[in-house]
Amino acid sequence: MSSRTDDRKFQRVTRRELLKLTPVLALGAFAVPRVQEPLLKAGLGFSDWVSAGLFRTGHRAPTFVDSDLTPFDKFPINGYDVEDPGVDLNTWTLNVGGAVQRPGAYTLAQVQALPKITQNTRHICVEGWDVIGNFGGARLSEFLAMIGADPTARFLSVDCADDYYESLDMATAMHPQSLLCYEMYGQPLTRKHGAPLRLSIPTKIGYKQAKYLTNLKVSHVLERAGYWEDQGYSEFYGL
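Residues numbered from 1 in each chain as written. Predicted model: local features only at pLDDT ≥ 70, side-chain atom pairs only at ≥ 80, totals over all residues. Heavy atoms only, no water.

Participant: How should a nonpolar patch on the surface be read in this particular structure?
Facilitator: On the surface, Val126, Tyr233, Tyr237 and Leu239 cluster together into a nonpolar patch covering about 340 Å² of accessible area. Relative to the helices and strands, Tyr237 resides in the segment after strand S10 (213-219). Tyr237 gets classed as partly exposed once you look at its relative accessible area, which sits at 31%. (Patch = residues over 30% accessible without salt bridge, like charges linked within 9 Å, V, L, I, M, F, W, Y side chains within 5 Å. Areas by Shrake-Rupley, 256 points an atom, 1.4 Å probe, with all protein chains shown as cover. Salt bridge = Lys/Arg side-chain N within 4 Å of Asp/Glu carboxyl O. Helix = DSSP H or I, 4+ residues; strand = E, 2+ residues; numbered from the N terminus. Buried < 20%, exposed > 50% of the residue type's maximum accessible area, 1.4 Å probe, protein only.)

See below:
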């Protein structure tokens, strides 16, 4: 009888000690170079999967009153390569392709013909700063309806004049606050802020909000996630 009791005590102690050692073992695994990258990718993938599962198109990012706005001249200029890639604003078009009924080149006037939405939302940069800005443009969902985007498609990807590229899951693209933005603070976008057209996605981190848009593609399979994502950053990064 005493032997069986001792065995049960030993098993409980062993399980308890193993649980204590789990964080140490995990840290030890990260110290092995060949498993570091797979572990990090698996962790990011799991985080993105959970975030995507929690995302709801009916849940809006916070909005603010005009008195909360960061002054326009204090809104940081944050670029991937150059502050102004030299877009010809007179001849610019957005080239649309992929799983859409009406592919082709769309002018800024066609985007502006859609109902304009203005909103005061927070822009959060992965570098650690955030500001509240005023953004105006067309709902991305209404533009997708105009071009006849396949409702079963899973992704939207964009290319930019400065060679930056980015993607969105379709649920985010269809969110009512996701904009094809052509105005800030009631004025046309400046070149440094992404003229003539950029993404404004207040439910996402700043690097998802690409500037200087030139191409937009709707697809069922994502060919590349984004400039920073392809270097190990989160693909979903919801706020």
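Participant: Help me understand the environment of Leu168, please; the structure alone is not making it clear to me.
Facilitator: In this structure, Leu168 sits in strand S6 (residues 165-169). Along the primary structure Leu168 and Val158 are separated by ten residues, whereas in three dimensions their C-alpha atoms are 8.7 Å apart. Those residues within four positions of Leu168 in sequence are excluded, and the remaining contacts are Leu140, Arg154, Phe155, Leu156, Ala173, Leu199, Ile201 and Lys208. (Contact = heavy atoms within 4.5 Å.)

Participant: Sorry if this is basic, but what is going on with the pattern of salt bridges here?
Facilitator: Pairing between side chains becomes possible if they bear opposite charge and their charged atoms approach one another. Enumeration over the complete set of coordinates arrives at nine salt bridges. In this structure, Glu183 engages Lys116 in a salt bridge whose closest nitrogen and oxygen atoms are separated by 3.1 Å. Highlighted residues: Glu183 in strand S7 (residues 179-184) and Lys116 in strand S3 (residues 116-124), separated in sequence by 67 residues. Taking relative accessible area as the criterion, Lys116 reaches 45% and is therefore assigned partly exposed.

Participant: Help me out: how do you make sense of the side chain of Gln177 in this one?
Facilitator: Relative to the helices and strands, Gln177 is located in the loop between helix H5 (170-173) and S7. Those residues within four positions of Gln177 in sequence are excluded, and the remaining contacts are Arg60, Ala61, Thr63, Gln119, Thr121, Ser200, Pro202 and Thr203.

Participant: Please explain the side chain of Arg198 as it appears in this structure.
Facilitator: Note on placement: Arg198 falls in strand S9 (residues 198-200). Buried within the structure, Arg198 lacks any salt-bridge partner; its nearest side chain of opposite charge belongs to Asp162, at an N-O separation of 10 Å. In this structure the side chain of Arg198 is engaged in a polar contact, spanning 3.2 Å, whose partner is the backbone oxygen of Gln209. Those residues in contact with Arg198 that lie beyond four places of it in its chain are His123, Leu179, Leu180, Cys181, Leu189, His193, Gln209, Ala210, Lys211 and Leu213. (Lys, Arg positive; Asp, Glu negative; His and termini not counted. Polar contact = N/O pair within 3.5 Å; in protein donor to acceptor, adjacent residues only side chain to side chain.)

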